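What the coordinates show
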Amino acid sequence: MNKIQRYSLLLVVLALLFAAPYLGLPVHLQSLLYVIFFWMTLATSWNMLSGYSGYFSFGHGAFFGVGMYGMATLAAKADWPVVPAALGSGVLAALLALAIGALVFNVRKIRGESFALITLAVGFVLATVVVNTPIDGGPGVYLMGVNLPQWGPKPASTFYYASLVLTVLCVAAAWWLFHARAGLGLLAIHDDEDAAEVNGVPTFWLKMGAFALSSFFAGVMGAIHALYVSYVTVGETFNITVPLTVVLMSVLGGSRHWAGPMLGGILITLLLNAFTAGESALVGKIIIGLVLAGAVLVMPRGILGTWQLRQHKRLIQRSKDLAGDAHVSDHGSEDALVLERPLTRPADAPDRQKVLEVRGLSKHFSGIRALNQVDLDLYQGEILGLLGPNGSGKSTFINVVTGHYRPTAGSVLLRGQSCAGWPAHRIRRQGLSRTYQIPRPFNGLTVLQNVTLAAHYGGARLTDAQALAEAREWMLFTGLQDKGDHFPDELNLHQRKFLELARALAARPQVLLLDEVLSGLTPSEIGAAVQTIRRIRERGTSIVFVEHVMSAVLALSDRLVVLNQGEVIAEGHPQDVMSRPEVVRAYLGDEAAV
C-alpha cells in the first residue's frame, strides 16, 4: 500500500467516524467508542515521554486527575465555558509536569526506577492536597449543573465527538513527534542518554517538552471524563488503575512506535468489554490477565515491535540472499602492519591557528586528581597524539572537554569561545565531536538513523532531507553505505567503530576527539582506519588522537602530548617525545629508564 492509498484509507475511516452518529450509530456503541478513545488518548499521551524516552512514569493518573479537578473547579465552581475549562485543565497539567521535570530532569541519577517512584508519589501528594482543601474537601464535586453543548444528534454524541477530536489530535501529535528530529532524539535518550547528550541532543529540553505535551493531553482527557461521569472524587480519580492500565496498553501494543499504544488501547478495551460483562466479570478479568501476561512474555517488544523486528529480519535476509557469493571475506591471512609517516603535513603551515586551547584543566573525584593543571593546544589541520599509560587521565580529559564532566578548574577555548562547563550538546554544536573507546551506538536505531541523528543535532540546522543526505555521505566515507538498514548489534567491531566515526563526522566538527578508535581491530583494519583518519584531516578537521597502537600514533601524529597521573609530562615531536626518559619510565617503569 503506497502513501496515497494509506492517506485515502485514513480519510475514509475518519469520515466514517465523524459521520457515524448521524448514520444512526446506537448510543451504547457511542459509549463504547468513547471508552476506546479515552484509553487511546491516555495511552498515546503517556507514550510521548515514557515510551519514546524510556522514562517510565506512573504519575499519568496524577495529570489525568488534575484535568478532572480542573474541570470541576473551572466549570462547576468558576462557571467557565466547557471548552476553555478543558483547555485550561490541560494547561494546568502541563504546568505541573514542567515543575516536576525542572526538578528531576536536572539530576542525572534520577532515571529508571527512581523516576517511576517519584511520579507515582505525585499522585498520592495531589490526592492528599485535594481532599484537604476546598478543591474537594472530602465529599467530592458534582458537575451535573454544568451547561454542556450539544454536539451531534443525541446527548451522548457530545462526549463521543469530544473524545474523538481529542484522540485524533493526540495521535497526530504522537505521529509528528515520532517522525520529527525530536522523536529521534527521544529514542536516542531511551537507548543511552549520556551518549545522546554528547551527540548534540538537548536531552533536558526534549524531555521537558515531551512531558508537558504528554500531560496536556492527559489533563484535557481528564476534563472531558469529569463531565462524562458528572461526579469527581479523590478515591476514584487518584488511584493506580489509570497509570497501570496505560502502561500495559503501551507495552502490549509496542511502546517504541507511535501507533503501539493506540493498538494496545483498542485491544485491551475490547477484551475488557467482552469478558468482564455480566456474572462472569471475575473469570473474565482472570482470563484477560493471563492473556496479557502471556502476550508480554512472548512479545516483549509489543505487537508492533515484534512485527517490525520480523520485517527487519526478512529485509536483512533478502539483502544477504541478493548479495550471494559476491561477498568476499577479508579475514584471510593478515600481513604485518606497516605504516609510513608522510613527509609534509597540513599542520606544518606557518599561519596555522589554534582551534582548541586548554589551560590549567583539572578534574577531581572525591579528592583523587584525575587531571591536574593540564595545558594543551590543538592547531588547525593538526593531528595531536594524546598518550599515556592506563589511568593517566586521557579518557577523563576527553570527558571534561566534551562536557560529560564539569571541570574542577581551568579553561577550555573552542574556536576562541570559552566552553568549560557548557552542557555537552552545546559543545557539540560549537564544533567538537568525539568517539568512544567502546562503541556506544543507539541500539534501537538503525545505522542510518544513528548517523542521521548526529547530522540533525550537529552544528548546522538541516532539514530532514539534508540530514539524510549528510548521513549517507559519511556512511559512504566510512564504508557503511550498505549497512543503513542494519541495527548496530548486527555489525562487527570494525563496523561499529566506523559507525562511531561516521556519527561524529556527520556533525561537521572542526575538532574531532578519537578515543582508541583502533583498539580491537586487525592489522588490515587498522591500516584502512589510518587512511580514513588521514582523509578526515585532509578535509580540514583537527584531531586529538588517543591510541595505544604506537605505529599508528607515530604515523599520524604531528605532535604528541603525554599524560601520567593526570599531568602533562612531555610534549613535542613524536620521535623526540617517545625517547624521553620520563615517557619511557611512565610506560615501562624506573628500571627501563635507566
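Our subject is the structure that appears above.
Summarised in this report is the structure supplied together with it. These numbers come from a predicted model, not from an experiment.

A word on the overall build of the chain
Scanning the chain from terminus to terminus reveals 24 helices and twelve strands. C-alpha extents for the chain along the principal axes are approximately 90 × 60 × 45 Å. Of all 594 residues assigned to the chain, the portion counted as buried reaches 52%. Looking at the chain alone, contacts between residues at least 24 apart form 74% of all its contacts between residues at least 6 apart. When the accessible surface of the chain is summed, it comes to about 27,000 Å², and 60% of that surface belongs to carbon and sulfur atoms. Across the chain, the mean location of the 46 positive side-chain charges is 6 Å away from that of the 42 negative side-chain charges.

Concerning the packing of helix α11 (residues 241-253) against helix α12 (residues 260-275)
In contact at an axis separation of 7 Å, α11 and α12 are set at 115° when each is read in the N-to-C sense. As judged from the angle between their axes, α11 and α12 are roughly perpendicular. Both α11 and α12 take part in a crossing whose hand is right-handed. Of the residues in α12, those touching α11 at L248, M249, S250, L252 and G253 are G260, P261, G264, G265, I268 and T269. When the residues that make up the contact of α11 with α12 are grouped by side-chain class, the tally is five nonpolar, six polar and no charged.

Side note on the sheet that holds strand β6 (residues 409-414)
Pairing within the open sheet is antiparallel, and its four strands lie in the order β4-β3-β6-β7. Looking along the sheet, the strands with just one partner apiece sit at the ends: β4 (368-379) and β7 (417-418). Both β6 and β7 contribute to a ladder of two bridges, which runs antiparallel. Considered in β7, the bridge of L413 is made with S418. Across the sheet, helix α15 (residues 394-401) touches β3 (354-365), β4 and β6, and the angle it forms with β3 is around 110°.

Topic: the pattern of salt bridges
Taken as a whole and judged by the stated rule, the model has 14 salt bridges. A salt bridge links D191 to R256, with the nearest nitrogen and oxygen atoms 3.1 Å apart. Separated by 65 residues along the polypeptide, D191 in helix α7 (residues 181-191) and R256 in the loop between α11 and α12 bring together distant segments of the chain. Exposure remark for D191: the relative accessible area of 27% places this residue in the partly exposed category. Overlapping salt bridges bring together K354, E357, R359 and D377 as one network.

Some details on the pairing of strand β12 (residues 567-572)
Side-chain positions along a regular strand alternate between the two faces of the sheet. Inspection of the sheet shows strand β11 (residues 559-564) paired to β12 by five bridges, in the antiparallel sense. Bridging across to β12, L560 finds its partner in G572. Linking β11 back to β12 in an antiparallel pair, the connection comprises two residues, with Q565 at a positive phi of about 55°.

Points about the packing of aromatic side chains
With the rule as written, the count across this model stands at 24 aromatic pairs. Residues F216 and F217 carry aromatic rings whose centres are separated by 5.6 Å and whose planes lie at 75° to one another, so their mutual orientation is edge-to-face. Residue F217 is classed as buried on the basis of its relative accessible area, which comes to 6%. R434 extends its terminal NZ or CZ atom over the ring of Y436, reaching a point 4.0 Å from the ring centre. Positioned above the aromatic ring of Y436, the side-chain terminus of R440 is 4.7 Å from the ring centre.

With respect to the nonpolar core
The biggest cluster of nonpolar side chains holds 90 residues, and the ones touching the most others in it are L42, M71 and F105. Top element by residues in this core is helix α9 (residues 203-229). It accounts for 13 residues. Here M71 is in contact with A76, V82, A85, A86, S89, L143, A223, A226 and L227, once residues within four sequence places are set aside. Among the nonpolar cores identified, the runner-up in size contains 43 residues, and I383, F498, L518 and V530 belong to it.

With respect to the sheet that holds strand β5 (residues 383-387)
The sheet built from six strands is open, its strands ordered β8-β9-β10-β5-β11-β12 with mixed pairing. In this open sheet, the two strands that pair with only one neighbour each are β8 (432-434) and β12. Pairwise comparison of adjacent strand axes, ignoring direction, gives a mean angle of 20° for this sheet. With four bridges joining them, β5 and strand β10 (residues 542-546) adopt parallel strand pairing. Note on β10: the bridge partner recorded for I383 is I543.

What to know about the packing of helix α4 (residues 82-104) against helix α5 (residues 113-131)
Contact geometry for α4 and α5: axes closest at 12 Å, N-to-C directions at 140°. Between α4 and α5, the crossing angle belongs to the class labelled oblique. Between α4 and α5 lies a crossing of right-handed hand. On α5, the residues touching L96, I100 and V104 of α4 are F115, I118, V122 and L126. Residues belonging to the contact of α4 with α5 are distributed by class as follows: seven nonpolar, no polar and no charged.

Points about a nonpolar patch on the surface
Taken together, the side chains of Y7, L10, W175 and W176 make up a nonpolar region of the molecular surface, amounting to roughly 450 Å² of accessible area. Those elements that provide at least two residues to the nonpolar patch are α1 (3-19) and α6 (155-179). With respect to the helices, strands and loops of the structure, W176 is situated in helix α6.

A few points about the pairing of β10
With five of five residues buried, β10 is to be regarded as a mostly interior element. Burial along β10 is two-sided: the face carrying S542, V544 and V546 and the face carrying I543 and F545 are both buried. Taken together, the five bridges between strand β9 (residues 511-515) and β10 define a ladder with parallel strand orientation. From the neighbouring strand, V511 faces β10, where its bridge partner is S542. Handedness of the crossover is the feature at issue here: the chain leaves β9, passes through helix α20 (residues 523-538), returns alongside β10, and the resulting connection is right-handed.

Cut-off values and rules
Residues numbered from 1 in each chain as written. Predicted model: local features only at pLDDT ≥ 70, side-chain atom pairs only at ≥ 80, totals over all residues. Heavy atoms only, no water. Helix = DSSP H or I, 4+ residues; strand = E, 2+ residues; numbered from the N terminus. Buried < 20%, exposed > 50% of the residue type's maximum accessible area, 1.4 Å probe, protein only. Contact = heavy atoms within 4.5 Å. Areas by Shrake-Rupley, 256 points an atom, 1.4 Å probe, with all protein chains shown as cover. Lys, Arg positive; Asp, Glu negative; His and termini not counted. Charge placed at Lys NZ, Arg CZ, Asp CG, Glu CD. Axes fitted to C-alpha atoms, helices over the stretch in contact; angles between N-to-C directions. Parallel < 35°, antiparallel > 145°, perpendicular 65-115°, else oblique. Left-handed = near helix turned anticlockwise from the far one by under 90°. Nonpolar A, V, L, I, M, F, W, Y, C, P; charged D, E, K, R; others polar. Pairing = 2+ DSSP bridges. Salt bridge = Lys/Arg side-chain N within 4 Å of Asp/Glu carboxyl O. Phe/Tyr/Trp six-rings, centres within 6.5 Å; stacked < 30°, edge-to-face > 60°. Lys NZ or Arg CZ within 6 Å of the ring centre and 35° of its normal. Core = buried A, V, L, I, M, F, W, Y, C linked by side-chain atoms within 4.5 Å. Patch = residues over 30% accessible without salt bridge, like charges linked within 9 Å, V, L, I, M, F, W, Y side chains within 5 Å. Right-handed = clockwise from strand over helix to strand, strands pointing away.

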